[in-house]
Amino acid sequence: MDRRKSLKIIGGSVAGIAGLVLVDWKWQIVDRLTHSGFFSFDEEQLISAIADTFIPTGLPPKVPTPDAQPIGALSTGTDQFLIKLFEHCYEKEEQELIKAQLKSLKKSGFGDFSREEREKALLALKSSEIENENKFYSLMRSQTVNGFTTVKEVMADYRGYQVAPGFYHGCVDVLQA
């Protein structure tokens, strides 16, 4: 057995893996710096955290099949739906309200909170006496639930939705009694 050749191969593999990790790390930095869109990178992360707080990953109480996978707002892309919805389908006033509330959540450190702390922060918005905070909470909650319940995974796998119910059985013998 040629040890030198084996060590070279192993060393090259380790260097390649380390290089991929470094490239991924740099890619995240470049993405953060060159992020373009209606929402900033941090605001999109906050929207994802809010969606994950409202609908965390897990199995529903009634599982349709034994091999069903846990789903949540992030695994179904509900956070991306919210970002596009708020950017393209809402008026300027609501967009400003959302941005202002996301800014206040960022100042409070919402993105670094644990799940329980995020739940408490959102419930504080719900029970707040400030109208904008109540409106923001109800908007985020209703649209998160709407986005989650209308994805294919939930509709087809958990609710049994069929695009065209009923079936066509051609060339079937007719039984006569």
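Treat the numbers as computed from the prediction; the structure is a model and nothing was measured. (Residues numbered from 1 in each chain as written. Predicted model: local features only at pLDDT ≥ 70, side-chain atom pairs only at ≥ 80, totals over all residues. Heavy atoms only, no water.)

Visitor: How should I be thinking about helix H5 (residues 115-126) in this particular structure?
Guide: When the terminal C-alpha atoms of H5 are compared, their 17 Å separation across twelve residues agrees well with the 16 Å that a helix rising 1.5 Å per residue should span. Among all positions in H5, only Arg118, Ala121, Leu122 and Leu125 are buried. The buried residues of H5 occupy one face: seen down the axis, they fall within an arc of 95°. Exposed residues pointing more than 90 degrees away from the buried face of H5 are listed as Glu116 and Lys120. Residues of H5 that are buried sit in contact with helix H2 (41-54), helix H4 (92-107) and helix H6 (131-149). (Helix = DSSP H or I, 4+ residues; strand = E, 2+ residues; numbered from the N terminus. Expected span 1.5 Å × (residues − 1). Buried < 20%, exposed > 50% of the residue type's maximum accessible area, 1.4 Å probe, protein only. Arc of directions from axis to C-beta. Contact = heavy atoms within 4.5 Å.)

Visitor: Any chance you could explain the packing of aromatic side chains here in plain terms?
Guide: Two numbers describe a pair of aromatic rings. These are the distance of the centres and the angle of the planes. Going through the model one piece at a time under the given rule, you end up with four aromatic pairs. Measuring from centroid to centroid gives 5.6 Å for Phe54 and Tyr137, while their planes differ by 65°, and the two rings are edge-to-face. With a gap of 83 residues between them, Phe54 in helix H2 and Tyr137 in helix H6 connect regions that are remote in the sequence. Neither residue differs from the other here; Phe54 and Tyr137 are each classed as buried. Ring centres of Phe110 and Phe113 lie 6.2 Å apart, and the angle between their planes is 65°; this geometry places the pair in the edge-to-face category. In this structure Phe110 comes out as buried when scored by relative accessible area, which is 0%. (Phe/Tyr/Trp six-rings, centres within 6.5 Å; stacked < 30°, edge-to-face > 60°.)

Visitor: It is not clear to me how the pattern of salt bridges should be interpreted in this structure. Could you clarify?
Guide: Should the charged atoms of two oppositely charged side chains come close, the side chains can pair. Tallied over the full model, the rule gives four salt bridges. Lys106 serves as the salt-bridge partner of Asp42, at 2.9 Å between the closest nitrogen and oxygen. Here Asp42, found in helix H2, pairs with Lys106, found in helix H4; they are 64 residues apart in sequence, far enough to count as distant. Residue Lys106 is classed as partly exposed on the basis of its relative accessible area, which comes to 46%. Residue Lys99 is joined to Glu43 by a salt bridge in which the shortest nitrogen-to-oxygen separation is 3.2 Å. Within this pair, whereas Lys99 is found in helix H4, its partner Glu43 is found in helix H2, the two being separated by 56 residues in sequence. Salt bridges linked by common partners bring Asp52, Arg115 and Arg118 together as one network. (Salt bridge = Lys/Arg side-chain N within 4 Å of Asp/Glu carboxyl O.)

Visitor: Please explain the packing of H2 against H5 as it appears in this structure.
Guide: Running from amino to carboxyl end, H2 crosses H5 at an angle of 95°, the nearest separation of the two axes being 10 Å. Our classification of the angle between H2 and H5 gives roughly perpendicular. From H2, Ala49, Ile50, Asp52, Thr53 and Phe54 reach across to H5, where they touch Arg115, Arg118, Glu119 and Leu122. Grouping the amino acids of the contact of H2 with H5 by side-chain chemistry returns four nonpolar, one polar and four charged. (Axes fitted to C-alpha atoms, helices over the stretch in contact; angles between N-to-C directions. Parallel < 35°, antiparallel > 145°, perpendicular 65-115°, else oblique. Nonpolar A, V, L, I, M, F, W, Y, C, P; charged D, E, K, R; others polar.)

Visitor: What should I look at first to understand the packing of H5 against H6 in this one?
Guide: Any two packed helices are characterised by the angle at which their axes cross and by the distance between the axes. Running from amino to carboxyl end, H5 crosses H6 at an angle of 120°, the nearest separation of the two axes being 7 Å. Classified by the interaxial angle, the pair formed by H5 and H6 is oblique. Here Leu122, Leu123, Leu125 and Lys126 of H5 come into contact with H6, specifically with Glu133, Asn134, Phe136 and Tyr137. A per-class count over the contact of H5 with H6 returns five nonpolar, one polar and two charged.

Visitor: Can you help me understand the environment of Asn132 in this one?
Guide: Position of Asn132 relative to the elements: it lies in helix H6. Under the relative-accessibility criterion, Asn132 is labelled partly exposed at 41%. With residues near it in sequence (within four places) discarded, Asn132 still touches Leu97 and Gln101.

Visitor: When you look at the side chain of Gln143 in this model, what are you seeing that I'm missing?
Guide: Within the fold, Gln143 resides in helix H6. Those residues within four positions of Gln143 in sequence are excluded, and the remaining contacts are Phe81, Leu82, Leu85, Phe86 and Tyr90.

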